[in-house]
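Chain residues, written in single-letter form:
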Amino acid sequence: MALPVRQARKRIARRKPRTGGAFAELTNGALEHFTNITRQVTYPSGAVVFKEGQPVAELFLLSEGQVKLFAKSSGGHTMIARIARPGDVLGLSAMLNDLPHEVTAQTLCPCSLKHVDRPLFLRFLQTYAEAGYIAALVLAKEHREVFLSARRFALSPSASARIAQLLIGFADEEARSGPSASFDLALSHAELASLGGVSRETVTRVLNQLERDGIISREDSHLTILQRPQLERLAN
């Protein structure tokens, strides 16, 4: 792993925990119940939270850090599905479908996650209608992310457009906690290539060109979008 990527992951790990997230909107009684059935667990960088094909025993809520969700083919090829950020829920779809995990979850930096045992969470959903509504919203968000990823693969006119879409998405995720045009890019070029469905060499070439054109700037792994309209035109 390149040194700038390690530095970015350390910066992300030092951020304050996000106290929000899907189930933070529960009303008092339901929120107290939910808090009582969760436990906080910390993970070092590179730790596997759960594996593809593993039975679902728990639900996970990411409080701090970033988690890479990916699947592997029998030939060893890796496809990164998405990067989970604080506030995201992991494993809900597989749990509700009573299926094994579809992906592997691995921390990109030191992380803190809340765990909820499967029987306790399912009983919680049955007890509080508002919890079921929030779970539906989480699944709807996941469905949209899958759709956008599929559209990026199928309809993007070029590799440059795919990379531009990813950078805009990263900036928008960062903006959830306030307006921002910059973010720490905690992915290596190989990981970014997997997420965008392009080659590592293409990622390097496109980022270098965007920087030469004055559309982005980079300091180590910290990336700033200088000309968002131009980047959006490239993305479309």
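The model shown is predicted, which means the values in this text are computed figures rather than measured ones.

Asks: Go over the pattern of salt bridges, please, and point to the residues and values.
Replies: Inspection of every chain in the model, using the stated rule, returns twelve salt bridges. The salt bridge involving D88 is made with K141; its shortest N-O contact spans 3.5 Å. With a gap of 53 residues between them, D88 in the loop between β5 (78-84) and β6 (89-90) and K141 in helix α5 (residues 129-155) connect regions that are remote in the sequence. The class for D88 is buried, based on a relative accessible area of 7%. Salt bridges here are not isolated pairs; linked through shared partners, they connect R82, D88, K141 and E145.

Asks: Can you tell me about the packing of aromatic side chains, naming the residues and giving the values?
Replies: Summed over all chains, the structure comprises seven aromatic pairs. Ring centres of F170 and F183 lie 5.8 Å apart, and the angle between their planes is 65°; this geometry places the pair in the edge-to-face category. Taken together, the residues F170 in helix α6 (residues 159-174) and F183 in strand β9 (residues 182-184) connect sequence positions 13 residues apart. Taken individually, F170 and F183 each receive the classification buried, so the pair is uniform in this respect.

Asks: Provide a residue-level description of the nonpolar core, including the pertinent values.
Replies: Buried together is how nonpolar side chains tend to be arranged in soluble globular proteins. Ranked by internal contacts, the top residues of the largest apolar core, which has 28 residues, are I163, L167, F170, F183, L192, L207 and L231. Secondary-structure elements contributing two or more residues to this core are β5, α6, α7 (189-196), α8 (200-212), β11 (222-225) and α9 (228-235). Among the elements that take part in this core, α6 stands out by supplying seven residues, more than any other. Residues in contact with L207, not counting those within four places in the same chain, are I163, L167, H189, L192, I216, R218 and L223. In terms of nonpolar packing, the next biggest core, distinct from the first, is built from 20 residues, L61, F121, A131 and I134 among them.

Thresholds, definitions, all that
Residues numbered from 1 in each chain as written. Predicted model: local features only at pLDDT ≥ 70, side-chain atom pairs only at ≥ 80, totals over all residues. Heavy atoms only, no water. Salt bridge = Lys/Arg side-chain N within 4 Å of Asp/Glu carboxyl O. Helix = DSSP H or I, 4+ residues; strand = E, 2+ residues; numbered from the N terminus. Buried < 20%, exposed > 50% of the residue type's maximum accessible area, 1.4 Å probe, protein only. Phe/Tyr/Trp six-rings, centres within 6.5 Å; stacked < 30°, edge-to-face > 60°. Core = buried A, V, L, I, M, F, W, Y, C linked by side-chain atoms within 4.5 Å. Contact = heavy atoms within 4.5 Å.

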